[in-house]
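Notes for the structure review
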Amino acid sequence: MNELTINLKNHSKIPLYEQIYDYIKSNIQTGRIPYGEKLPSTRALSKHLEVSRSTVELAYEQLLSEGYIESAPYRGFFVAQIDELYHLERGQEKLRIYKEEKKKYRYDFTPNGVDLNSFPYNVWRKLSKDILIDDKTELFRSGDPQGEYGFRNAISNYLYQARGVNCSPEQIVIGAGSDYILMLLSMILGLEHRIAFEDPTYKQAYRLVKGLSYPTVTVSVDRFGMKVSELEESEADIAYVTPSHQYPTGIVMPIRRRMELLKWAYQKEGRYIIEDDYDSEFRYKGKPIPALQGYDVQGKVIYLGTFSKSIAPAIRLSYMVLPESLMEAYHTQASFVNSTVSKVDQQIVQKFIEDGYYERHLNKTRALYKNRHDVLIEALRPMEDICKISGENAGVHLLLTFENGMTEEELISRAYEQDIRVYGMSDYCIKEEQGRKPTILLGYANLSEQDIREAVKLLNQCWR
């Protein structure tokens, strides 16, 4: 294919790269651009469309990250094979645990950090005052066990616009933290299930599910996410995944693997996918990857979300989106459990979303984290001879994989001697993997740019 004739609208609110991305994606989905077809080079397409080459490159990078196209070195870009499930007609319409440490480190590269200095205190005070300015006795009565309808409606609208999640307010259940949400979910599903976790994984969810007496299995991940072939052999009927930004590896699950995962869930009655979309707001290149739930046409995905990463951990506001098929089970088996979030807090966050403050806060925080992300990568350049950087452009941490002969324990110990806390990949692995290269996680959300530079300079010295 030498040319793609795309009617670009220069004055549209939709960026040019996104218009190119949407056109190519749509044509791949409908089969107009078939599997194996070679796309024009970025240089040729930018010249043909009379746009900058970087615009076309950004569109191709988005298509690559979602798995619609593949890149062959020295040959170009080709259309990837998409599972036929994608052409089905659509039907109608995490909380991280911040463990308190006795030792206070000078620099702590926690992957679970947030920047509380950017919290919108003035706005929060204003909204709190506005809600409490009148004597509203109704605010202090017991509320809807599922969460206040207005708040659930605000979340529903946000999820559709920002994450491509298809749901009604009636499908959303509010809870004080992801741990509570998982416990409530266990009452809905019952204990007659076997749950598969990615390995490495988010250990808090794994420990909690084990504590609820569920049989659990681990499924390894490759560069596309959870291995579906291994999942099929595991005899699990629920898969717990983080497809938009796998924790902790940072893998973005491409469209083909997502379709394979959905196909696995569709094959047997009683199978479900739990999608933990814990930090999807923080993507620094291209647009956010749509949620897996938005592709589900048979009601097999249980979507989990939280405001702990995007606002503050102490907010203690999480939610789940249940498939319509599970709503009856919720009402008969769990709706008697009272809401664990006060009506006051729900109204504050509802107004925070509806009045546009949440969007502005996300934009500010995203820009702040991107700057720290870029500063960290630049500071790590002198270490490229001893380690490989991965997990860039999303989330709030990077991964360093070492080949300098040191073990993971040695790397952590040497950092400790410099009063620096770093985190080893082995902390997130359930099974011990022979031959796995030492890997360190470096979070950057809670560190200033100056702290990042100073800490990395010390790490570069002690890791040699």
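Up top is the structure.
Note that this is a predicted model, so its numbers are computed, not measured.

Here's the deal with the overall build of the protein chain
The helix and strand tally for the protein chain stands at 14 helices and 16 strands. Projected onto its principal axes, the C-alpha positions of the protein chain cover 65 × 60 × 50 Å. The proportion of buried residues among the 464 residues of the protein chain is 56%. Summed over its atoms, the accessible surface of the protein chain is roughly 21800 Å², and 47% of this surface lies on carbon and sulfur atoms. Side chains of the protein chain give 59 positive and 65 negative charges; the mean places of these two sets differ by 3 Å.

Examining the pairing of strand 13 (residues 397–402)
Looking down a regular strand, the side chains alternate between one sheet face and the other. With 6 of 6 residues buried, strand 13 lies mostly within the body of the structure. Because side chains alternate across strand 13, one face comprises the buried residues His397, Leu399 and Thr401, and the other comprises Leu398, Leu400 and Phe402, equally buried. Here 4 bridges tie strand 12 (residues 387–390) to strand 13, and the two strands are oriented antiparallel to one another. From the neighbouring strand, Ser390 faces strand 13, where its bridge partner is Leu399. Two successive antiparallel strands, strand 12 and strand 13, enclose a turn made up of 6 residues, where Gly391 displays a positive phi of approximately 80°.

Let's talk about the environment of Gln62
Turning to its location among the elements, Gln62 is positioned in helix 3 (residues 53–66). Between the C-alpha atoms of Gln62 and Lys25, which are 37 residues apart in sequence, the distance is 9.9 Å. The residues contacting Gln62, other than those within four sequence positions of it, are Tyr21, Arg283, Lys285, Gly286, Lys287, Pro288 and Ile289.

Quick word on the packing of helix 2 (residues 42–49) against helix 3
Running from N to C, helix 2 and helix 3 cross one another at 120°; their axes reach a closest spacing of 8 Å. Here helix 2 is positioned oblique relative to helix 3, judged by the angle of their axes. Like other packed secondary-structure pairs, helix 2 and helix 3 cross with a definite hand, here right-handed. Between helix 2, through Thr42, Arg43, Leu45 and Ser46, and helix 3, the contact on the second element is made entirely by Arg53, Val56, Glu57 and Tyr60. Each residue belonging to the contact of helix 2 with helix 3 can be placed in one class, and the counts come to 3 nonpolar, 2 polar and 3 charged.

Comments concerning the packing of aromatic side chains
The description of an aromatic ring pair rests on the distance of the ring centres and on the angle between the ring planes. According to the stated counting rule, one finds 18 aromatic pairs in the structure shown. Their ring planes at 65° and their centres at 4.8 Å tell us that Phe119 and Tyr121 sit as a pair that is edge-to-face. Ring-pair connections join several aromatic residues into one group, and the members of that group are Phe119, Tyr121, Trp124, Phe151, Tyr158, Phe307, Tyr319, Phe352, Tyr357 and Tyr358. Its end group placed over the ring of Tyr105, Lys103 keeps NZ or CZ at 5.0 Å from the ring centre. Against the face of Tyr416 rests Lys103, its NZ or CZ located 5.4 Å from the ring centre.

A closer look at helix 4 (residues 121–132)
Across its 12 residues, helix 4 extends 16 Å between first and last C-alpha, which sits within 8% of the 16 Å expected from 1.5 Å per residue. Contacts made by the buried residues of helix 4 are with helix 11 (343–354) and helix 12 (357–380).

A closer look at the layout of surface pockets
In this approach a probe as big as a water molecule rolls over the atoms, and the regions it shows empty are the leftover space. Considered as a void within the structure, the largest pocket measures approximately 1700 Å³ in volume. Contributing to the lining of the largest pocket are 50 residues, with Asp222, Arg223, Phe224, Ile251 and Val252 lying nearest its centre. Sorting the residues of the lining of the largest pocket by element identifies helix 3, strand 1 (69–72), strand 6 (216–222), helix 9 (255–266), strand 12 and strand 13 as the ones contributing at least two each. Taken as a whole, the second largest pocket encloses approximately 1300 Å³ of empty space.

Focus on unusual backbone geometry
Of the consecutive residues Asp199 and Pro200, the connecting peptide bond is found in the cis state with omega at 10°. As for its position among the elements, Pro200 is in the loop between strand 5 (195–199) and helix 7 (203–211). Looking along the chain, the bond that leaves Tyr247 and enters Pro248 is cis, with omega of 10°. Its place among the elements puts Pro248 in the loop between strand 8 (238–241) and helix 9. At Ser213, a position not held by glycine, the phi torsion is positive, near 75°. With respect to the secondary-structure elements, Ser213 resides in the loop between helix 7 and strand 6. Not every positive phi belongs to a glycine, and Arg316 is a case in point at roughly 50°. Relative to the assigned elements, Arg316 resides in the loop between strand 10 (301–306) and strand 11 (318–321).

Scoring rules and cut-offs
Residues numbered from 1 in each chain as written. Predicted model: local features only at pLDDT ≥ 70, side-chain atom pairs only at ≥ 80, totals over all residues. Heavy atoms only, no water. Helix = DSSP H or I, 4+ residues; strand = E, 2+ residues; numbered from the N terminus. Buried < 20%, exposed > 50% of the residue type's maximum accessible area, 1.4 Å probe, protein only. Areas by Shrake-Rupley, 256 points an atom, 1.4 Å probe, with all protein chains shown as cover. Lys, Arg positive; Asp, Glu negative; His and termini not counted. Charge placed at Lys NZ, Arg CZ, Asp CG, Glu CD. Pairing = 2+ DSSP bridges. Contact = heavy atoms within 4.5 Å. Axes fitted to C-alpha atoms, helices over the stretch in contact; angles between N-to-C directions. Parallel < 35°, antiparallel > 145°, perpendicular 65-115°, else oblique. Left-handed = near helix turned anticlockwise from the far one by under 90°. Nonpolar A, V, L, I, M, F, W, Y, C, P; charged D, E, K, R; others polar. Phe/Tyr/Trp six-rings, centres within 6.5 Å; stacked < 30°, edge-to-face > 60°. Lys NZ or Arg CZ within 6 Å of the ring centre and 35° of its normal. Expected span 1.5 Å × (residues − 1). 1 Å grid on protein atoms, 1.4 Å probe; cavity = no way out; pocket = protein on both sides within 12 Å on 5 of 7 lines; lining within 4 Å. Points joined across faces, edges and corners; volume = space filled by probe spheres on them.

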